[in-house]
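Geometric and topological summary
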Amino acid sequence: MPSLLKALSSQVGRKLLTGLTGVALIVFIVVHLVGNLTLFGPPDAFNAYAYKLHSLGPLLWIAEIGLVAVFAIHSYIGLSIWWNRRKARPQKYHVYSSKGAPSRQSLSSKSMAFTGVVMLVFLVFHIQAFKYGETSMTTIEGVDYPVKDLKALVINSFLDPVMAFAYTFVMMLLGAHLGHGIWSAMISLTLSNPQRSAAVYTAGTVIAVLLSVGFLFIPLYIYFTGGQGALIQY
Amino acid sequence: MKLDPKIPSGPLEEKWSKHLNDVNLVSPNNKRNMHVIVVGTGLAGASASASLAELGYKVSTFCIQDSGRRAHSIAAQGGINAAKNYQNDGDSVYRLFYDTIKGGDYRSREANVYRLAHLSNNIIDQAVSQGVPFAREYGGYLANRSFGGAQVSRTFYARGQTGQQLLMGAYQSMMKMVNEGKINYYTRHEMMDVVVVDGVARGIITRDLVTGELVRHSADAVILGTGGYGNVFYLSTNAKNSNVTATWRAHKRGAAFANPSFVQVHPTCIPVSGDYQSKLTLMSESLRNDGRVWVPRSAGDNRPPGEIPDEERYYYLEERYPSFGNLVPRDVASRNAKQMTDEGLGVGETGLAVYLDFRDAIARDGKDVISAKYGNLFDMYENISGENPYEVPMRIYPAVHYTMGGLWVDYNLMTTVPGLFAMGEANFSDHGANRLGASALMQGLADGYFVIPFTIGDYLAEAGVSTIDTTHDAFASVENEVQERIDKILNVNGDRTVVDFHRTLGRIVWDNIGITRNEKDLKKAITDIQALREEFWQNVKVPGKATNYNKNLEFAHRVADFFELAELMAYDALDRGESCGCHLREEYQTPEGEAIRNDKDYAYVSAWEFKDLNGKLETELHKETLEFEFVEMKQRSYK
Amino acid sequence: MSQMTIHLKIWRQDGPEAKGAFENHTLDTVNEHMSFLEMLDVLNEELIVAGQEPFEFDYDCREGICGSCNLVINGRAHGPKRLTAACQLHMRNFKDGDSIVIEPARAAAFPVIKDLVVDRSSFDRIIAAGGYITVRTGSAPEANSIPVELEDSTFSFDYAACIGCGACVAACPNSSASLFTAAKLSHLNRLPQGEPERQKRVLAMVEQMEKEGFGDCSNYGECEAVCPKGISIASIAEMRRNYVKATLAG
Ligand SMILES: Cc1cc2nc3c(=O)[nH]c(=O)nc-3n(C[C@H](O)[C@H](O)[C@H](O)COP(=O)(O)OP(=O)(O)OC[C@H]3O[C@@H](n4cnc5c(N)ncnc54)[C@H](O)[C@@H]3O)c2cc1C
Ligand code: HEM
Ligand code: HEM
Ligand code: SF4
Ligand code: F3S
Ligand code: FES
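Residues numbered from 1 in each chain as written. Chains lettered and ligands numbered in written order. Predicted model: local features only at pLDDT ≥ 70, side-chain atom pairs only at ≥ 80, totals over all residues. Heavy atoms only, no water.

Let us now look at the interface of chain B and chain C. With 77 residues of chain B at the contact, the number on the chain C side is 75 residues. Summing both sides of the interface, chain B and chain C together bury roughly 6,400 Å²; the carbon and sulfur share of this comes to 50%. Contact with chain C buries surface across chain B, with B:R70, B:Y276 and B:N383 losing the most and accounting together for 11% of the total. The tally of links from chain B across to chain C stands at 6 salt bridges. For the salt bridge of B:K84 with C:E142, the shortest nitrogen-to-oxygen distance reads 2.8 Å. There are 47 residue pairs in polar contact (both at pLDDT 80 or more) connecting chain B and chain C. When residues of the side of chain B that touches chain C are traced back to their parent elements, those giving at least two are α3 (43–55), α5 (110–130), α6 (162–179), α11 (367–385), α12 (440–463), α14 (498–512) and α16 (551–575) of chain B. Looking at the side of chain B that touches chain C, the element that brings in the most residues is α6(B), giving 8 residues. Its residues assigned to classes, the side of chain B that touches chain C comprises 27 nonpolar, 31 polar and 19 charged. (Contact = heavy atoms within 4.5 Å. Buried area = accessible area lost by both parts, 1.4 Å probe. Salt bridge = Lys/Arg side-chain N within 4 Å of Asp/Glu carboxyl O. Polar contact = N/O pair within 3.5 Å; in protein donor to acceptor, adjacent residues only side chain to side chain. Helix = DSSP H or I, 4+ residues; strand = E, 2+ residues; numbered from the N terminus. Nonpolar A, V, L, I, M, F, W, Y, C, P; charged D, E, K, R; others polar.)

Residue and element names in this part refer to chain B. Here S466 is to be found in the loop between α12 and α13 (473–492). Looking at S466, the relative accessible area reads 16%, which means it is buried. A polar contact of 3.5 Å, which involves the side chain of S466, links it to the side chain of R202. Those residues in contact with S466 that lie beyond four places of it in its chain are R202, A219 and D220. (Buried < 20%, exposed > 50% of the residue type's maximum accessible area, 1.4 Å probe, protein only.)

Looking now at the coordination of the iron atom of ligand 2. When a metal carries six donors in an octahedron, the ideal angles between them are 90 or 180 degrees, while four donors in a tetrahedron ideally lie at 109.5 degrees. Residue and element names in this part refer to chain A. Of the protein atoms, only H74 (NE2) and H177 (NE2) coordinate the iron atom of ligand 2, at distances of 1.9 to 2.0 Å. Every donor counted, the 6 donor atoms about the iron atom of ligand 2 form angles of 86 to 179 degrees at the centre, which fits octahedral coordination. Of this pair, H74 sits in helix α4 (residues 58–88) while H177 sits in helix α8 (residues 161–188); the two residues are 103 residues apart in sequence, bridging distant segments of the chain. No difference in accessibility class separates H74 from H177, as the two residues are buried. (Donors = N, O, S within 2.8 Å, 3.2 Å for Na, K, Ca; no water. Tetrahedral: all angles 85-135°; square planar, octahedral: opposite > 155°, others 65-115°.)

Moving on, we get to helix α6 (residues 112–131) of chain A. Every buried residue of α6(A) is listed here: A:A113, A:T115, A:V118, A:M119, A:F122, A:L123, A:H126, A:A129 and A:F130. Looking at the buried residues of α6(A), the elements they touch are α2 (11–37), α4, α7 (150–159) and α8 of chain A.

Before going further, it helps to examine the side chain of B:R485. Residues and elements named next belong to chain B. Tracing the chain through its elements places R485 in helix α13. Note on R485: relative accessible area 16%, which makes it buried. Of note is the side chain of R485, whose polar atom sits 3.2 Å from the backbone oxygen of H557. Only 3.2 Å separates the side chain of R485 from the side chain of D561, close enough to count as a polar contact. R485 has contacts with R249, W537, H557, A560, D561 and E564, leaving out every residue within four places of it along the chain.

Bringing the interface of chain A and chain C into the picture now. Listed by partner, the interface residues are 46 residues for chain A and 58 residues for chain C. Both sides together, the interface formed by chain A and chain C hides about 4,200 Å², and carbon and sulfur atoms give 54% of it. Together, A:Q11, A:Y93 and A:K99 form the three largest contributors to the area buried by chain A at its contact with chain C, with a combined 19%. Here chain A and chain C share 3 salt bridges between them. The salt bridge involving C:E210 is made with A:R14; its shortest N-O contact spans 3.3 Å.

Moving on: the arrangement of the chains. Counting contacts across all 2 pairs of chains found in contact, the highest total belongs to chains B and C. Where chain A comes nearest to chain B, the C-alpha atoms are still 19 Å apart, and the two do not contact one another.

Glancing now at the pattern of salt bridges. Residues and elements named next belong to chain B. Applying the stated criterion to the full structure yields 75 salt bridges over all chains. D66 is the salt-bridge partner of R70, the closest N and O atoms lying 2.5 Å from each other. A salt bridge links D310 to R313, with the shortest nitrogen-to-oxygen separation between them at 3.9 Å. Take R313: its relative accessible area is 2%, and that puts it in the buried class.

Here we take up the coordination of the iron atom of ligand 3. All names here are of chain A. Those donors, H32 (NE2) and H126 (NE2), are the protein atoms that reach the iron atom of ligand 3, and they lie 1.9 to 2.1 Å from it. Because the angles between the 6 donor atoms bound to the iron atom of ligand 3 fall within 86 to 179 degrees, the donor set is best described as octahedral. Of this pair, H32 sits in helix α2 while H126 sits in helix α6, placing them 94 residues apart in sequence. Of the residues examined, H32 reaches a relative accessible area of 23% and is grouped as partly exposed.

The next thing to look at is the environment of B:N30. Residues and elements named next belong to chain B. Position of N30 among the secondary structure elements: in helix α2 (residues 28–31). Judged by its relative accessible area of 33%, N30 is partly exposed. A sequence separation of 26 residues divides N30 from G56, and the C-alpha atoms of the two residues are 8.9 Å apart.

What follows concerns the site of ligand 1. All names here are of chain B. Around ligand 1 sit 37 residues, and of these Q65, S73, M191, E425 and L441 come closest. E425 has a polar side-chain atom sitting 2.6 Å from an oxygen atom of ligand 1. Calculation on ligand 1 without its partners gives an accessible area of 1,000 Å², and the protein chains cover 97% of this total. Counting residues per element, the ones that place at least two in the shell around ligand 1 are α3, β6 (189–197), β15 (394–403) and α12. At 3 residues, the largest contribution of residues to the shell around ligand 1 is made by β6. Looking at the shell around ligand 1 residue by residue, the classes come out as 15 nonpolar, 19 polar and 3 charged. (Near = heavy atom within 4 Å. Areas by Shrake-Rupley, 256 points an atom, 1.4 Å probe, with all protein chains shown as cover.)

Moving on, we get to the pairing of strand β2 (residues 58–62) of chain B. All names here are of chain B. With 4 of its 5 residues buried, β2 lies for the most part within the structure. Pairing geometry for strand β1 (residues 35–39) and β2, over 5 bridges, is parallel. Paired with I37 across the bridge in β2 is S60. Sheet topology note: the β2/strand β5 (residues 183–186) ladder contains 4 bridges and is parallel. Bridging from a neighbouring strand, V59 pairs with I183 of β5. (Pairing = 2+ DSSP bridges.)

A word on the site of ligand 5. Around ligand 5 lies a shell formed by C:C172, C:S176, C:C217, C:S218, C:N219, C:Y220, C:G221, C:E222, C:C223, C:I233 and C:I236. Of the residues contributing to the shell around ligand 5, the split by class is 6 nonpolar, 4 polar and 1 charged.

Once that is clear, we can look at the sheet that holds strand β7 (residues 200–208) of chain B. Residue and element names in this part refer to chain B. An order of β6-β7-β8 is seen for the 3 strands of this open sheet, with the pairing classed as antiparallel. Whereas interior strands pair on both sides, the edge strands pair on one side only; in this sheet they are β6 and β8 (214–218). Taken over all neighbouring pairs, the strand axes of this sheet differ in orientation by 25 degrees on average, direction set aside. (Axes fitted to C-alpha atoms, helices over the stretch in contact; angles between N-to-C directions.)

Tallied over the entire structure, the rule returns 48 aromatic pairs over all chains. Aromatic side chains A:F165 and A:Y223 sit 5.3 Å apart centroid to centroid with 70 degrees between the ring planes, which places their arrangement in the edge-to-face category. Taken together, the residues span a long stretch of sequence, with A:F165 in helix α8 and A:Y223 in helix α9 (residues 194–225) at a distance of 58 residues. Its relative accessible area of 27% is what places A:Y223 among the partly exposed residues. Ring centres of B:F233 and B:W510 lie 6.3 Å apart, and the angle between their planes is 80 degrees; on these two criteria the pair is classed as edge-to-face. Of this pair, B:F233 sits in the loop between β9 (221–224) and α7 (245–252) while B:W510 is found in helix α14, placing the two residues 277 residues apart along the sequence. B:F233 gets classed as buried once you look at its relative accessible area, which sits at 4%. Ring-pair connections join several aromatic residues into one group, and the members of that group are A:F122, A:F130, A:F158 and A:Y167. In this structure, C:R62 packs its charged tip against the face of C:Y59, placed 4.1 Å from the ring centre. (Phe/Tyr/Trp six-rings, centres within 6.5 Å; stacked < 30°, edge-to-face > 60°. Lys NZ or Arg CZ within 6 Å of the ring centre and 35° of its normal.)

Turning our attention to the nonpolar core. B:I80, B:F134, B:V232, C:F36, C:L40 and C:M91 are the most contacted members of the largest nonpolar core, which has 250 residues in total. A per-element tally of this core places α16(B) first, with 14 residues. If sequence neighbours within four positions are ignored, C:F36 has contacts with C:L71, C:I73, C:A86, C:L89, C:H90, C:M91, C:F94, C:I100 and C:I102. Counting 34 residues, the second-largest nonpolar core is a separate cluster that includes A:L153, A:Y167, A:I222 and A:I232. (Core = buried A, V, L, I, M, F, W, Y, C linked by side-chain atoms within 4.5 Å.)

Have a look at this one:
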C-alpha cells in the first residue's frame, strides 16, 4: 500500500485534495458572508463580530494559518492540474468543440483557473485593504476600549466606484468558480450516483448564484445608496 | 501427405479424458525453456496465450490491430452455447454434440465435436470467474436463451456483446501475463510467413506494421489463431483486417487446407447500399422470430411496401416451409432470398434485398413489446439505412459470415506440419459443412483454454527444446522471400487500386462460389480468378513506402493471398458433387430445391495439399474419411 | 439518391517525429448512406488513382464495437452524433457543402503514428497493470456457484461495455484517461469475483494511468458526452472512492 503522501500526490489524491480544500473554502466563504451581512444588522453588529473574532487570539491565528494552507494547497493543485494539461496535450486541436450534454463543459468549468487566479490576486489586495487597512477607531457596546471601525472602512471603500465595481466583478467570478466548483467537489469527493449528481449540479449552481449575489450585493448597495441606504444603521 | 486424425480409441465419452491420461507432460523446468508463438488474439489466441503462459511456457503473441482486444471475435453478438442444462429442459453434452454434428450435416469428426460439447461447460465457468457479465435472472443465477432454432435454451449471452465480453475476459487474462513478463506481446505485427525447417515449424517472419521492419521469431511451436477468411468475398460481416494470409502461407509451407468452400452465409444482414460499401452489418437472427419475410409477387413492382396488398405479397418462406416458416436454418433462408432476387423479385434501390416485415407483429403485440425485444436492432438498422423499421419493413440480404473451412488439424489441433497448430476459426475442425449459431465462440475458447495447453505439451514433450534459432539459414531465406514479395507489389505501380481488385474478386467469388454453386459457374470462376490474379500482379497500384504505416500495402498482401485461396475454394466446391450444409450444388437438389447429400461418396473432409502456383494453382486432394460410430446419419428436412 | 459535396480538411503527418499539417480536399460524390469511413475510403481511392498518398486511419470492425476508429471530426471525438463511433456515423448527418475538419486524437500518451493513426498501447498497459481478475485457466468454480445480484451484474455490464477507443482521452480538455480506467474498475470491482483484488487493482491502474502521461480529471464530463458506449463519469467518482478505501486499508 502506498504511503498517505504518495496517495495524496497521485492523480486521484490531488483531486480529492482540491475537492476537500474547495469544500473548506466554501465553508469559510459562507461564514464570511454571514459575517459580512451583519453590516446590515444593528449599528454595532459588524464591528462586534470582527472584534469577537479578533479576541479569539491564538485560536484565530491557528484558524488563519489553516486558511492560508487551504488556499495554498487549493490554488497550487488547481493550477498544477491546469498546467499539466499542456504536458498531456502538447499539440492542440485546430478545431475543438464540446459535444453538449451530458458534458459539463461550460464557461464556468472552462474558466476555473482564470477565476481562481483572479481571486488569488484579489485576496492579496483584499486582505491588505481590509485586514491590514488603516481604520479609525470606534466603540462598541460591552467593550471598554476603542476597537477598529471596520464597518466604516468597508463602507468608505465601496463608495469608491472602482472598488465597488471591482469587487462586484470578482464576486461574479466567484459565482462562476463555484458554479462548476460545488458540483465538481462532490464528484471529486466520490459522489457517484448519477441521479443525485444531476440534482447536486442544479443545487450547486443555485448556491453559487446565492453566494455570489450575497457578496456582490454589499458593494453595489453601498455604492448606489452612498452608504445611506435604509438597510444600514448607524 | 498422410492424414492421420489421431483420434483416441474408446467410447465417445471417454476419448478426451483417456487422451489426457495418455499425453506426455513437460516438466515445469523445461517449460521455462520452451517458447511458443501464438498468432492472433481473438478468443482462440488470447485464451491460449494466457493459458500457456500460466503453465510456464515462454509465449510470444502477435496481432494486427493496435491492441489484442480488437480482434474480430469482439463483434460476435448472439451468444455462446454450453451444455449446462441450467434450464432443466433436457439438454446434455450428448445433445449439444448431436445437434452440432447434425447441424454440420455430418461432415465433422465425432470425437472432436464431442470434446467440444464436453468442454463447453468449463468455458462458462472460466468466463464467469473472469468477470464476464453474462445475462442473469432475478435470483442472480445465469440466464439462457434458445438460439438459432435450437430446441433447448443453452445459449449464454451478454446483451448483444457476447463476443466482446468473452474476448475481454481472455484478453485481460492475457494482459496479466504480459504484465508479469510471461508473454512478449506484439501488436501491429503481421505474420508474413512460417519458417519450416526439415518439415517442422520453427518460427515465423512478421512485419512491424508501424516501421515496416521484417522480424524473425523462432520458437518450439507455432500456433495460429488467425480467424476466418470470409473477406475473400470482399463484402462480409468480418472485420476489415480479417484475412487468410497466416493460414494461407502456412498452407503453402505444407499445411493442408480443409473444406475451403464451406462458407456460412447469414440471412439477416443489412443490404448493400452502393459501390462504396466496405462491409456488411449483421443483425441478430432473432428478428426472424417476429418478422415476416416477403417480396412482391410480381417482378418490377415498385410500389412502396405499405401499398402492396397482402395477396400480392409472396411470403415465400412461410409458403415453402409451412412447419418452420420464417425460422428455417440460416442456409435455407439465405438460399431462398437469393433465389427471389435472382428471379427479379428483390426490393430496394439495388434489387438485392427482401423485406423483413414487423407490421403484423406490431399489430399483434403492440409497438412497445416489439421495441422491448428488438429496440437496439431497430435503432441500429435505422442508423445505417436511414429508414424506420417500425413503419417501413426492414430490407435484408444474406452476407458471408463464417468460414467452416480452414487448416486441416488432427485431434490435437496440429496441422500436417509438425509443430504448427491451428485453433478457432482458422482451423476446419468442428462445424462440418455448417456451423450452428453460438458455437464459434465456444470452439475458439475450448481450443484455446482447454485443448491446446495439453496437446501442445504432448508435442513439446516429445520434440524437446529446439536448437534452431533465427540465425538459421531458413529464416534468412524466408525473410528474403517476404521482402521480395513486398518489393514486387510496390513495384508494379499499375492503374488499379487494391480495393478495386478485391471488390472485383469478391464479386466473382460471391456470384459463383456463394450461396449456390454449379459446375459451369465454378469453372468460369476459376478462369476469371486466374485472369484477375494475373492482372493484379501486372496492374495493381500500391501507394507509399514499405518502411512506414501503409494500410494499402498490408491489404495488397492479403488480397494477393485471397486470389490464391479463391481458386482453391472453386476446386473444392467443384470436387464436392453433393449438397451438404452451406454447400448447395444446383445439380444436386430435388425438384423442390432441397439439398441432396451423398454420404456414400462424400462423407469425407477434403484436405488440399499445395503443390505449385504457376498461373494456375496446382493442388492435390487428400480425403479424410469420416466414420460415424455413434450417430446415425439423417437427411435434414425443414418442410 | 442525393449526392453531396463535402470539403475536407484533414491532418497529414508522415510519422511520429514529423511535423504535420492540414490538407484540403473536396469530394463531390458523397452519398448520404455512406458511413464516414466509407467517405474517407472514396477519397483515398481517388488520391491513389491520382498518384497521391492516401490518408491513414484506424478501423477494423466498422460496426462500433472494436474501438479501432477514433477520429476527431470538427473538434468532436467520433463526430457530431452521440453514442456513435465514427465508423457508424453516416453522411446523412452532414449537409451538402459542409466543411469537415478531421484530426487525430491528440494526447501525449497517444503519439501519432501516421496521419490520423495514433498509438494507444498506453491503454493496454493500464489494463495489464490490474484490469483483470486473476483466475488460472481450469481453476474456476462452477459458474452458478457464485450468484451475482442482478443490480450488480447490470451495473458491472454498463461499464464493461467500454470499447477502448480512447475518445474520452481525445475529448477531455486535460487528456485524462480517467473514464477508460474507471470503466474497467467499475466493471470488475462490483462483481463478487473481482472483490479480492479490488484494492490492489485500483491502486495499480491509477498509478499506471498517471505514468503514461495522461492528464488529471477536472470533472468536465466531456468524456461521457463523446463516449460511444455512454460510459458514465459516475465511475470516476466510484474509482476515487475505491482509491480512498484502498489507501486507508493499507
Ligand atoms: C458479426 C459476427 C457475429 C458473430 N456472432 C457469433 C455468435 O453470436 N456466436 C458465435 O459463436 N460466433 C459468432 N460469430 C463467429 C465468431 O465471432 C468467430 O468465428 C470467432 O470469434 C473467431 O475467433 P478466432 O479467435 O478464431 O479469430 P479472430 O477473432 O478472427 O481473431 C483473429 C486474430 O488473428 C490476428 N491475425 C490474423 N491474421 C494475422 C496475421 N497474418 N498476423 C498476425 N495476426 C493475425 C488478428 O489480429 C486477430 O487478433 C460471429 C461472427 C461475426 C462476423
Ligand atoms: C484562491 C484562488 C483560487 C484558485 C487559484 C483556485 C483554482 C481552482 C482551480 C484551477 C480549480 C479546478 C481544479 C481542477 O481543474 O480540477 C478549482 C476548483 C475548485 N475551487 Fe478553486 N480556486 C481558488 C479559490 C477558490 C475559492 C475561494 C473557493 C471557494 C469559495 C474555491 C472552490 C473551489 C471548488 C469547490 C473547486 C472544485 C474542486 C474539485 O473539482 O474537486 N476555489 N479551483
Ligand atoms: C463584498 C465582499 C467582501 C467583504 C465586504 C469582505 C470583507 C472583509 C473584511 C472586512 C475583512 C477583514 C476582517 C478582519 O480583519 O477580521 C475580510 C477578511 C478576509 N476576507 Fe473578505 N470580504 C469580502 C469578500 C471576500 C471573498 C470573496 C473572499 C474569498 C475569496 C474573502 C476572503 C477574505 C479573507 C481570506 C480574509 C482574511 C481573514 C482572516 O485572516 O481572518 N473575502 N473580508
Ligand atoms: S470509456 Fe468510452 S470513450 Fe473511453 S475508451 Fe471506453 S468506450 Fe471509448
Ligand atoms: S472529460 Fe476529462 S476532466 Fe474528467 S470527467 Fe472526463 S476525464
Ligand atoms: S471500426 Fe470498430 S469501432 Fe469503429
